[in-house]
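What the coordinates show
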Amino acid sequence: MKIEELFSVRGKVALVTGGSRGIGEMIARAYVENGVKVYITARKADACDALASELSKSGECISIPGDISRMDEIDRLGAEIEKREHKLDILVNNAGASWGADFSTFPESGWDKVMDLNVKSAFFMTQRLFKLLQAAGSKDDYARVINIGSIEGMRTSHLEAYSYAASKAAILHVTRMMAKYLAKSNIAVNAIAPGYFPSKMTDAIPDEESDVIEGNTPMRRWGRPEDMAGAALYLASRASGFVCGSTVVVDGGLATTG
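Right, let's walk through the structure included here. (Residues numbered from 1 in each chain as written. Predicted model: local features only at pLDDT ≥ 70, side-chain atom pairs only at ≥ 80, totals over all residues. Heavy atoms only, no water.)

Counting secondary structure elements, the protein chain contains 11 helices and 7 strands. Taken against the 2.2 N^0.38 rule, which gives 18 Å for 258 residues, the C-alpha radius of gyration of the protein chain at 17 Å falls within 12% of a compact globule. Taken across its 258 residues, the protein chain has 48% of its residues classed as buried. Counting contacts in the protein chain only where the partners sit at least 6 residues apart, residues at least 24 apart contribute 73% of the total. (Helix = DSSP H or I, 4+ residues; strand = E, 2+ residues; numbered from the N terminus. Rg over C-alpha atoms; globule rule 2.2 N^0.38 Å. Buried < 20%, exposed > 50% of the residue type's maximum accessible area, 1.4 Å probe, protein only. Contact = heavy atoms within 4.5 Å.)

Core analysis: the biggest nonpolar cluster contains 34 residues, and Ile27, Tyr31, Ile40 and Ile192 have the highest contact counts within it. Taken together, the elements giving at least two residues each to this core come down to strand S1 (13-17), helix H2 (22-33), strand S2 (37-41), helix H3 (45-55), strand S4 (90-93), strand S5 (143-148) and helix H10 (225-236). Residues within four places of Ile40 in sequence aside, it is in contact with Leu15, Val16, Gly19, Ala28, Cys48, Leu51, Ala52, Cys61, Ile62, Ser63 and Ile64. Judged by nonpolar contacts, the second largest core, of 33 residues, contains Ile81, Ala122, Tyr164 and Met178. (Core = buried A, V, L, I, M, F, W, Y, C linked by side-chain atoms within 4.5 Å.)

This next bit is on the state of the cysteines. Disulfides are covalent bonds that connect the sulfur atoms of two cysteines. Per the stated rule, a full pass over the model turns up 0 disulfides. Summary of cysteine pairing: Cys61 is not part of a disulfide, and the nearest cysteine sulfur, belonging to Cys48, is at 7.6 Å. Its relative accessible area of 7% is what places Cys61 among the buried residues. (Disulfide = S-S within 2.5 Å.)

Here we take up the sheet that holds S1. The 7 strands are arranged S3-S2-S1-S4-S5-S6-S7 in an open sheet whose pairing can be described as parallel. Either end of the sheet is taken by a strand with one partner, and the two such strands are strand S3 (60-63) and strand S7 (247-250). Sheet twist, expressed as the average angle between the axes of neighbouring strands with direction ignored, equals 20 degrees. The sheet contact formed by S1 and S4 spans 3 bridges and is parallel. Along S4, the bridge assignment pairs Leu15 with Leu91. The strands that helix H7 (residues 162-182) touches are S5, strand S6 (187-194) and S7; relative to S6, the one it contacts most, it runs at about 160 degrees. (Pairing = 2+ DSSP bridges. Axes fitted to C-alpha atoms, helices over the stretch in contact; angles between N-to-C directions.)

This part takes up the pairing of S4. Residues Ile90 and Val92 point to one face of S4 and Leu91 and Asn93 to the other, with burial holding for every one of them. Looking at chain direction, S4 and S5 are connected through 4 bridges and run parallel. Paired with Val92 across the strands is Ile146, a residue of S5.

Pairs of packed helices are described in terms of their axes, by the angle between the two and the distance that separates them. Look at H2 against H10: their axes get within 9 Å of each other, and the N-to-C directions meet at 60 degrees. In terms of orientation, H2 and H10 fall into the oblique class. Judged by the sense of rotation from one axis to the other, the crossing of H2 with H10 is right-handed. Across the interface between the two elements, Ile23, Met26, Ile27, Ala30 and Tyr31 of H2 pack against Pro225, Met228, Ala229, Ala232, Leu233 and Ala236 of H10. For the contact of H2 with H10, the per-class residue count stands at 11 nonpolar, no polar and no charged. (Parallel < 35°, antiparallel > 145°, perpendicular 65-115°, else oblique. Left-handed = near helix turned anticlockwise from the far one by under 90°. Nonpolar A, V, L, I, M, F, W, Y, C, P; charged D, E, K, R; others polar.)

Quick look at the pattern of salt bridges now. Between side chains of opposite charge, a pair can form as their charged atoms come close. A full pass over the atoms with the stated rule returns 15 salt bridges. A salt bridge links Glu54 to Arg29; the shortest N-O distance between them is 3.1 Å. Placement of the pair is Glu54 in helix H3 and Arg29 in helix H2, with a sequence separation of 25 residues. Classification of Glu54 by relative accessible area gives partly exposed; the value is 38%. Here Glu80 and Lys83 are joined by a salt bridge, their closest N and O atoms 3.4 Å apart. Remark: Lys83 and Glu80 occur in helix H4 (residues 71-84); sequence separation between them is 3 residues, near one turn of the helix. Connected through salt bridges with shared partners, the residues Lys12, Asp141 and Arg144 form a single ionic network. (Salt bridge = Lys/Arg side-chain N within 4 Å of Asp/Glu carboxyl O.)

Written out as structure tokens, the structure is:
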């Protein structure tokens, strides 16, 4: 089989949550530039609309802003997609938040905000869009759910981001759970566990910490947009046709050797 057939995503329909910046933007851009009709959602409407306008110069990208940490907003977003599409080939659950504080002062608000967005919203967004995903999947070409985890859910981090690490460990296991039970509906669920990529979240890391991270990464650099694009295209294409419940780690070797 030719590589163009194995890795093609042309003609598919995708939703990327948290799609206006960072890793979500990298994935949305990769999909749009390779022929996917992409919906992006994010809490800040101006950023979401601006990126959709930019990406629409390369393909088709539609902005539907919303705060999917709220169940009513998940339902509203699901209803909007249902009005426009009869199927959804790819759902990328990327929306996320972090919170850093030392153990003695870590607040309940920092726990609840992160867990609700990083874990709860991913589960219920998938549940809300289940029928559209089921309509897209077939025995020869499953619909795809891609949950964005983190290497911080696989190791003990040097950063005191307790709820973030717990949430990312949780989403990696939720991925395995959903993979087991959604496969019978022709929906393959997998995850990506990124290492350190430039984003608003990692902008908060002090320069000296950034240097330590880069020095501890065997490949001696941070992630680039093409690194994330490759993983996202793989998990959305026929190249990953027999991959289900797996986590693709994109971190330059940091989680296992750093």
